[in-house]
Amino acid sequence: MNLFTLLLFIPACFALNLAPGPNNLLSMNNAKRYGLRVACFAGVGRLAAFVIMITLAASGLASVLYASEHLFFTIKIVGACYLFWLAYQLWIADPIEDTTQSVDKMTNISLVKQEFLLAIGNPKAILIFTAFLPQFIDPTQNIEFQFFILGLLFLALEWLAIVCYAYFGVYLRQWFSRPRTRKLFNRCCSGLLASAGLGLLVADKES
């Protein structure tokens, strides 16, 4: 792996990290509700899920997921159902209580789990690692080490994306200070999460 490859990888990877998706939407909503620090801490769950996926991709086990229609379908259904559940919870959330709230240790842990489950329940994510990272691997060099370097860069850029969306969520909190506008924001986020769930249901491995 040379410097030119890394210079190509970093902007392409960051564009992928910044793409709107369920996890980034969740970070934005967590920041709006609980503040920047809590939203960034919750993002640790997403990074943990991606570590597992990168490890699977590096070891070649991701090909098992790609080859197994049954496994892909099962994970897809579970992930979509979890997205629908999150959308429902956000839809019925009380806008009066949707202000910057103090959270205890247990709530922090639950938010981390929420990020983790949302990321790990998307089989398309591991296929992204299977298709994206190998494009920057030089087969004539140490493949495991290259996956390690690219994986670390991906996680660092993903963390930066978490911070960006969380900052945006904090900024939105100033816009949606009234219960009515907070309710509208919650409903919009709920609709986007439900749409992501529908998209996951109809997705196939080649799309």
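Heads up: these notes are all about the structure in this document. (Residues numbered from 1 in each chain as written. Predicted model: local features only at pLDDT ≥ 70, side-chain atom pairs only at ≥ 80, totals over all residues. Heavy atoms only, no water.)

**Some details on the packing of helix α2 (residues 22-34) against helix α3 (residues 36-59)**
Next up, step 1: Put simply, α2 and α3 touch, their axes get as near as 7 Å, and they point 150° apart. Between α2 and α3, the interaxial angle falls into the category roughly antiparallel. Regarding α2 and α3, the two cross each other, and that crossing is right-handed. Across the interface between the two elements, Asn23, Asn24, Ser27, Asn30, Ala31 and Tyr34 from α2 touch Leu36, Val38, Ala39, Ala42 and Arg46 from α3.
Next up, step 2: For the contact of α2 with α3, the per-class residue count stands at six nonpolar, four polar and one charged. (Axes fitted to C-alpha atoms, helices over the stretch in contact; angles between N-to-C directions. Helix = DSSP H or I, 4+ residues; strand = E, 2+ residues; numbered from the N terminus. Parallel < 35°, antiparallel > 145°, perpendicular 65-115°, else oblique. Left-handed = near helix turned anticlockwise from the far one by under 90°. Contact = heavy atoms within 4.5 Å. Nonpolar A, V, L, I, M, F, W, Y, C, P; charged D, E, K, R; others polar.)

**As for a nonpolar patch on the surface**
Next up, step 1: A cluster of nonpolar residues, Phe41, Val44 and Trp159, forms a patch on the protein surface that exposes about 260 Å² of accessible area.
Next up, step 2: Owing to a relative accessible area of 40%, Phe41 belongs among the partly exposed residues under this scheme. (Patch = residues over 30% accessible without salt bridge, like charges linked within 9 Å, V, L, I, M, F, W, Y side chains within 5 Å. Areas by Shrake-Rupley, 256 points an atom, 1.4 Å probe, with all protein chains shown as cover. Salt bridge = Lys/Arg side-chain N within 4 Å of Asp/Glu carboxyl O. Buried < 20%, exposed > 50% of the residue type's maximum accessible area, 1.4 Å probe, protein only.)

**Side note on the environment of Gly43**
Next up, step 1: With respect to the helices and strands, Gly43 occurs in helix α3.
Next up, step 2: A relative accessible area of 0% places Gly43 in the buried class.
Next up, step 3: Placed 123 residues apart in sequence, Gly43 and Ala166 show a C-alpha to C-alpha distance of 9.7 Å.
Next up, step 4: Apart from the residues within four sequence positions on either side, Gly43 is in contact with Glu115, Trp159 and Ile162.

**Some remarks on the nonpolar core**
Next up, step 1: In this structure, Phe9, Phe50, Phe129 and Leu133 are the most contacted members of the largest nonpolar core, which totals 22 residues.
Next up, step 2: Elements with a minimum of two residues in this core: α1 (3-18), α3, α7 (123-132) and α8 (143-175).
Next up, step 3: Those residues within four positions of Leu133 in sequence are excluded, and the remaining contacts are Phe9, Ile54, Ile128, Phe147 and Leu150.
Next up, step 4: In this structure, Ala39, Cys40, Val163 and Ala166 belong to the second largest nonpolar core, which totals six residues. (Core = buried A, V, L, I, M, F, W, Y, C linked by side-chain atoms within 4.5 Å.)

**Section: the packing of aromatic side chains**
A ring pair, where both rings are aromatic, is described by two values, the distance of the centres and the angle of the planes.
Next up, step 1: Scanning the model with the defined rule gives two aromatic pairs in all.
Next up, step 2: Relative to Phe136, the ring of Phe9 has its centre 5.0 Å away and its plane inclined at 80°; by these criteria the two rings are edge-to-face. Placement of the pair is Phe9 in helix α1 and Phe136 in the loop between α7 and α8, with a sequence separation of 127 residues. Phe136 shares its class with Phe9; the two are buried.
Next up, step 3: Considering the side-chain rings of Phe50 and Phe154, the 5.9 Å spacing of their centres and the 75° angle between planes classify their relative orientation as edge-to-face. (Phe/Tyr/Trp six-rings, centres within 6.5 Å; stacked < 30°, edge-to-face > 60°.)

**A few points about the pattern of salt bridges**
Next up, step 1: On inspection of all chains with the given rule, the structure shows two salt bridges.
Next up, step 2: Between Glu115 and Arg46 there is a salt bridge, and its shortest N-O distance comes to 3.2 Å. In this pair, Glu115 is assigned in helix α6 (residues 105-120) and Arg46 in helix α3, connecting sequence segments 69 residues apart.
Next up, step 3: The class for Glu115 is buried, based on a relative accessible area of 0%.
Next up, step 4: Salt bridges here are not isolated pairs; linked through shared partners, they connect Arg46, Glu115 and Glu158.

**Observations concerning the environment of Ala42**
Next up, step 1: Following the sequence through the fold, Ala42 ends up in helix α3.
Next up, step 2: The buried category is assigned to Ala42, whose relative accessible area is 0%.
Next up, step 3: In this structure the C-alpha to C-alpha distance between Ala42 and Lys113, which are 71 residues apart in sequence, comes to 7.8 Å.

**Overview of α3**
Given 3.6 residues to a turn, an α-helix orients residues that are three or four positions apart in the same direction.
Next up, step 1: Look at α3: 35 Å from first C-alpha to last across 24 residues, which is about the 34 Å you get at 1.5 Å a residue.
Next up, step 2: Looking one or two residues beyond α3, the residue adopting positive phi is Gly60, at roughly 90°. (Expected span 1.5 Å × (residues − 1).)

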